[in-house]
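# Coordinates in review
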Amino acid sequence: MEQMKTKICKYCDGEISAKAKICRFCKAKQGTGAGILVYPLVIALAAGAGYYGFKEYSKLQATKRAEIVAKAEAAKKLEVQEKQVEDKFANEPVREPAGVYVKPDLKELPSKPAITKPVKPSKEDFIQEKLNDPEFCSAFKVPLNKKALLKLTNGSSFKCTVLDVESGKVTIQLKDSNAKMSFSVNDIAPSQRKFIFKSVYQTIEATKLFEHEVLKYEEGLQLYRDSMEQWRMECEIINKENEALQNKASL
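On a predicted model such as this, the values are computed, not experimentally measured, just so you know.

Attention now moves to the overall build of the chain. Each helix and strand in the chain was counted, giving four helices and seven strands. For the chain, the sequential pattern of α-helices and β-strands runs β-β-α-α-α-β-β-β-β-β-α. Partitioning the intrachain contacts of the chain with sequence separation of at least 6 by distance along the chain shows that 45% fall at a separation of at least 24. For the chain, the accessible area works out to roughly 20,200 Å², and carbon and sulfur atoms hold 56% of it.

Dropping the structure here:
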C-alpha cells in the first residue's frame, strides 16, 4: 500500500496531507505555491519603503541644515548689531548690573538771585517828605523884589512885588501902594510870570525828583525781571539735564 504524502502546516506545525488546502488542526488555509511570488513582492516593497525612507530622511536632513544655516546667520546678524551698540555707547559711563539702581549725578538748581523787588514809591508821600525836609527846602532861594501877578484861590488876582518868603508865608507889597500883605503859601497859586513862590517852586522840584525816583524804580524793576528770567532759564536747562540723567539711569 502506497504511503500518503504529508506536509507540515506553516501556521501550527501540524502534519497534514500534502494535498490538504485546510489544516485539520488550526483550520488555516494552506498556500498553493504563491509563496514564490510573494517573497519577491515583499522584497520589492521593502526596497520601495527603504527608498521612500531615504528620501524622507534626505528631506529632513536638508531642513535641519537650513535651520542651522538660518540660526548661524541670525547669530552673526545679532553679533553685528551688538557690536554697533557697543561702538555707539563706548563713551557712556559703565553701568551697574541690571536691577541695581545707579543714582544719577544730578546738578543742583542755582540759587535764586538775592535781588529784592523794588517798591514803587508813592507820589504824595514822597513829595510831602521832601517838603518837610529842612535840608531840601534850604536849597531854594527865591529872589526877592520880583514883580509877580498873584492869584488867590478865591479867584482874585493882582499885581505885586514879593518882599519875603519865609516860614510858609509870603509877604508882598501891592503895586502903587505902600501896603504890605502876608499870605499863607496854601492860599497862593503860581503866578503867570517866571517867578513862582517858594512853596510852589519846591513842590515842582520835589515832583521832578519823584519822577527821577520812578525812573530808578523802573530800571530796578527791569533788572529784577531780567534776573528772574535768567534764573528761570538756567533752572529749566538743569531740569532737562537731570531728566535726561534719570532716563539713562532707569535703562
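Next, the rest of the story.
Another point: the pattern of salt bridges. When the charged atoms of two side chains lie near each other, side chains of opposite charge can form a pair. Evaluation of the coordinates by the stated rule reveals four salt bridges. Across the pair glutamate 229 and arginine 232 runs a salt bridge, and its minimum N-O distance is 2.6 Å. Of this pair, glutamate 229 and arginine 232 both sit in helix H4 (residues 198–249), three residues apart, which is roughly one turn of that helix. Judged by relative accessible area, which is 40%, arginine 232 ranks as partly exposed. Notably, a salt bridge pairs glutamate 236 with lysine 240, separated by 3.9 Å at the nearest N-O pair.

Further remarks concern the packing of aromatic side chains. Two numbers describe a pair of aromatic rings. These are the distance of the centres and the angle of the planes. Taken as a whole and judged by the stated rule, the model has one aromatic pair. Taking 5.7 Å as the distance between ring centres and 50° as the angle between the ring planes, the aromatic pair formed by phenylalanine 126 and phenylalanine 210 counts as tilted. Residue phenylalanine 126 is found in helix H2 (residues 123–131), and its partner phenylalanine 210 is found in helix H4; the two are separated by 84 residues along the sequence. A cation sits over an aromatic face here: lysine 112 above tryptophan 231, 5.8 Å from the ring centre.

Quick look at the environment of cysteine 235 now. Relative to the helices and strands, cysteine 235 resides in helix H4. Note on cysteine 235: relative accessible area 8%, which makes it buried. It is 9.2 Å that separates the C-alpha atoms of cysteine 235 and serine 111, two residues lying 124 residues apart in sequence. Beyond its immediate chain neighbours, meaning those up to four positions away, cysteine 235 contacts Leu109 and Pro110.

What follows concerns the nonpolar core. Listed in full, the nine residues of the largest apolar core are Ala148, Leu150, Leu152, Phe158, Cys160, Val162, Val170, Ile172 and Phe183. Taken together, the elements giving at least two residues each to this core come down to strand S3 (146–152), strand S4 (157–166) and strand S5 (169–174). Every residue in contact with isoleucine 172, bar those within four places of it in the chain, is listed here: Leu150, Phe158, Cys160, Thr161, Val162, Leu163, Ala179, Lys180, Met181 and Phe183. In this structure, Phe136, Cys137, Phe140 and Ala206 belong to the second largest nonpolar core, which totals five residues.

We now examine the pairing of S5. In summary, the side chains of a regular strand alternate between the two faces of the sheet. In this structure, S5 lies alongside strand S6 (residues 180–184), joined through five bridges in antiparallel fashion. Note that in S6 the partner of glutamine 173 across the bridge is lysine 180.

For serine 122, the position within the fold is in the loop between helix H1 (35–88) and H2. The sequence separation of serine 122 and phenylalanine 210 amounts to 88 residues, and the corresponding C-alpha distance is 8.7 Å.

Another point: the side chain of threonine 207. Considering the arrangement of structural elements, one finds threonine 207 in helix H4. Here threonine 207 falls in the buried class, since its relative accessible area comes to 19%. If we ignore the near neighbours within four places in the chain, the residues touching threonine 207 are Lys123 and Ile127.

Across the chain, the average pLDDT comes to 76, with 71% of residues at 70 or higher. Note on residues 33–38: pLDDT under 50 across the span, and zero contacts to partners over four residues away in sequence or across chains.

What counts, and at which threshold
- Residues numbered from 1 in each chain as written.
- Predicted model: local features only at pLDDT ≥ 70, side-chain atom pairs only at ≥ 80, totals over all residues.
- Heavy atoms only, no water.
- Helix = DSSP H or I, 4+ residues; strand = E, 2+ residues; numbered from the N terminus.
- Contact = heavy atoms within 4.5 Å.
- Areas by Shrake-Rupley, 256 points an atom, 1.4 Å probe, with all protein chains shown as cover.
- Salt bridge = Lys/Arg side-chain N within 4 Å of Asp/Glu carboxyl O.
- Buried < 20%, exposed > 50% of the residue type's maximum accessible area, 1.4 Å probe, protein only.
- Phe/Tyr/Trp six-rings, centres within 6.5 Å; stacked < 30°, edge-to-face > 60°.
- Lys NZ or Arg CZ within 6 Å of the ring centre and 35° of its normal.
- Core = buried A, V, L, I, M, F, W, Y, C linked by side-chain atoms within 4.5 Å.
- Pairing = 2+ DSSP bridges.
- pLDDT = per-residue confidence, 0-100.

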